[in-house]
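Chain and residue survey
Given next are the chains, with one letter for each unit.
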Amino acid sequence: MEATEQFSSKLLEWYQTHARSLPWRGHPDPYAVWISEIMLQQTRVETVIPYFLRWMKRFPGIKELAESSEQDVLNAWEGLGYYSRARSILKAAKMVVEIHNGVLPQTRVELQQLPGLGRYTAAAISSIAFGKDEVVLDGNVKRVLSRCFNIDVPIDTSDGEKALWQKAENLLPAGQAGDYNQAVMDLGAMICTPRSPVCEKCPVAGICTAKELGLQEKLPVISEKKPIPHYLVAAAVIWRDGKVLIARRPSQGLLGGLWEFPGGKVEAGESLEEALRREIVEEMAAEIRVGQELGIYKHAYTHFRVTLHAFHAELTGEEPIALDASEIRWVEPVNLGDYPMGKIDRRISNDLCK
């Protein structure tokens, strides 16, 4: 038996007894597979499970999701990050209702026509939910294949992607794509981990080149990362009659559709207070008096990090208007939980309610 056949057969045999028990596996509705696959993009399984369970109670089907507002969807998604995923899910649900009579299409090609579904996610849904012979390639799969077959091309380059897709397609056992794809992903998550893989428990250890050559910690190869930029940011908690002012970000872009306390980046040579006054003028044509600092909040996004200083403030002039924001609103602090926010703004809102 060739190594490719051994790999698939040993992996499928292992999966029969070691598959993870996950709430979307064996679910009768392909909708559940779709939602889980989107949530699992760049997010750990342990984090996703409670979100998935709450989501399915709140939006039990595509029709219910399609009839929901963006704010409802963002509220349910808050804390998972990468909020464009949530907005894309809502757009896709509306398209499925309008174009496909509320029934999720089965083929990878059709699925890729929906917002938020690239080659990997569409293939995962098509194979797991509908049994189609489609191969997947996520971070776990890349790591497993790179180690087992000694693929030393950087996996985050076009050449690396091409080599991995080709290898993955050659390994796919016809008629068993759903189980096989989940088996490879489980192996990467449970055994062939990024650090200290548990090779003694690996079902394909006997044909793994990395184990034979002692290259487990050196594979997969990843291109050298550029330094992550850091930004200093100031935000204002503007008070009036016991309420605070929040602004809703435009639907497109980072944290799109979420609510925030107004502010922005500190420019070179500015103090925090100067930057904050300038930002409020630019964002909402208003002037403020900056008061006591509320707190300092740090957060790392995918491509940058921020340190945000939040200040209490009050208006000193005209009523603010929404220039950069899609809308602004005065809200009592106890009601801020009704407005979906990013992690830093939610921490600020929580501190206001202490």
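Above this text sits the structure in question.
Computed from a predicted model, the values in this text were never measured in an experiment. All residue numbers here refer to positions counted from 1 along the written sequence of the relevant chain. Per-residue local features of the predicted model are confined to residues with pLDDT of at least 70, and side-chain atom pairs are confined, for both listing and counting, to 80 or more; whole-chain, interface and lining totals are unaffected and use all residues. Here the side-chain values reflect all heavy atoms present in the structure, with hydrogen atoms and water set aside.

**A few points about the pairing of strand S5 (residues 288–300)**
Here is the rule we go by: Two strands pair under a simple rule: DSSP has to find at least two bridges between them. Only DSSP runs of H or I with at least four residues qualify as helices, and only runs of E with at least two residues qualify as strands; both kinds are numbered from the N terminus onward.
As paired elements, S5 and strand S6 (residues 305–315) share ten bridges and run antiparallel to each other. Paired with Ala300 across the two strands is Arg305, which belongs to S6. Between S5 and S6, which pair antiparallel one after the other, the connecting turn spans four residues.

**Side note on the nonpolar core**
Heads up, the condition is: For this analysis, a nonpolar core means a set of buried residues of the types Ala, Val, Leu, Ile, Met, Phe, Trp, Tyr and Cys, connected via side-chain atoms within 4.5 Å. When accessible area is computed with a 1.4 Å probe and restricted to protein chains, residues below 20% of their type maximum are described as buried, those above 50% as exposed, and intermediate ones as partly exposed. We call two residues in contact whenever any of their non-hydrogen atoms come within 4.5 Å of each other.
Ranked by size, the top nonpolar core spans 40 residues in total, and within it Trp34, Trp55 and Leu65 carry the most contacts. Secondary structure elements with two or more residues in this core: helix H2 (30–39), helix H3 (45–58), helix H4 (62–66), helix H5 (70–77), helix H6 (84–100) and helix H8 (119–130). For this core, the element with the highest residue contribution is H2, accounting for seven residues. With sequence-adjacent residues up to four places away left out, Leu65 is seen in contact with Tyr31, Ile35, Trp55, Phe59, Val73, Ile89, Leu90 and Ala93. Membership of the second largest hydrophobic core comes to 38 residues, among which are Ile155, Trp165, Ile191 and Val204.

**Observations concerning the environment of Pro250**
Relative to the helices and strands, Pro250 resides in the loop between strand S2 (243–248) and strand S3 (259–260). Judged by its relative accessible area of 39%, Pro250 falls in the partly exposed class. For Pro250 and Leu40, which are 210 residues apart along the polypeptide, the C-alpha to C-alpha distance reads 25 Å. When residues no more than four places from it in sequence are discounted, the contact partners of Pro250 are Gly256, Gly257, Asp324 and Ser326.

**Things to note about the packing of aromatic side chains**
Let me state the cut-off plainly: Pairing of aromatic rings covers Phe, Tyr and Trp, the last counted by its six-membered ring, and requires centre-to-centre distances within 6.5 Å; plane angles under 30 degrees mean stacked, over 60 mean edge-to-face, and any other angle means tilted. Note on criteria: charge over ring means Lys NZ or Arg CZ within 6 Å of the ring centre, with the direction from the centre no more than 35 degrees off the ring normal.
According to the stated counting rule, one finds nine aromatic pairs in the structure shown. Ring plane angle 25 degrees and centroid distance 4.8 Å describe the contact between Tyr301 and Phe304, whose orientation is recorded as stacked. You can call Tyr301 partly exposed: its relative accessible area is 22%. The structure contains a cluster of three or more aromatic residues connected by ring pairs, namely Phe7, Phe149 and Tyr180. Directly above the ring of Trp165 sits Arg119, whose terminal nitrogen or CZ lies 3.6 Å from the centroid. Of note, Lys167 hangs over the ring of Phe149, and the distance from its end group to the ring centre comes to 4.5 Å.

**Comments concerning the pattern of salt bridges**
Condition: Every case where a carboxyl oxygen of Asp or Glu lies within 4 Å of a side-chain nitrogen of Lys or Arg is listed as a salt bridge.
Taken as a whole, this structure holds 19 salt bridges when the rule is applied. With a closest N to O distance of 3.2 Å, Glu279 and Arg278 form a salt bridge. In this pair, the class of Glu279 matches that of Arg278, namely buried. Look at the salt bridges and you will find they share partners, linking Glu70, Arg248, Glu327 and Arg329 into a network.

**Some thoughts on the environment of Ile246**
Inspection of the secondary structure puts Ile246 in strand S2. In this structure Ile246 comes out as buried when scored by relative accessible area, which is 0%. Once the C-alpha coordinates of Ile246 and Trp330 are considered, the two residues, 84 residues apart in sequence, prove to be 6.5 Å apart. If sequence neighbours within four positions are ignored, Ile246 has contacts with Trp259, Glu260, Phe261, Glu327, Ile328, Arg329, Val331, Leu336, Tyr339 and Met341.

**A few points about the pairing of S6**
As defined by bridge partners, strand S1 (residues 230–240) adjoins S6 across ten bridges and the pair is classed as parallel. Bridging from a neighbouring strand, Leu232 pairs with Thr307 of S6.

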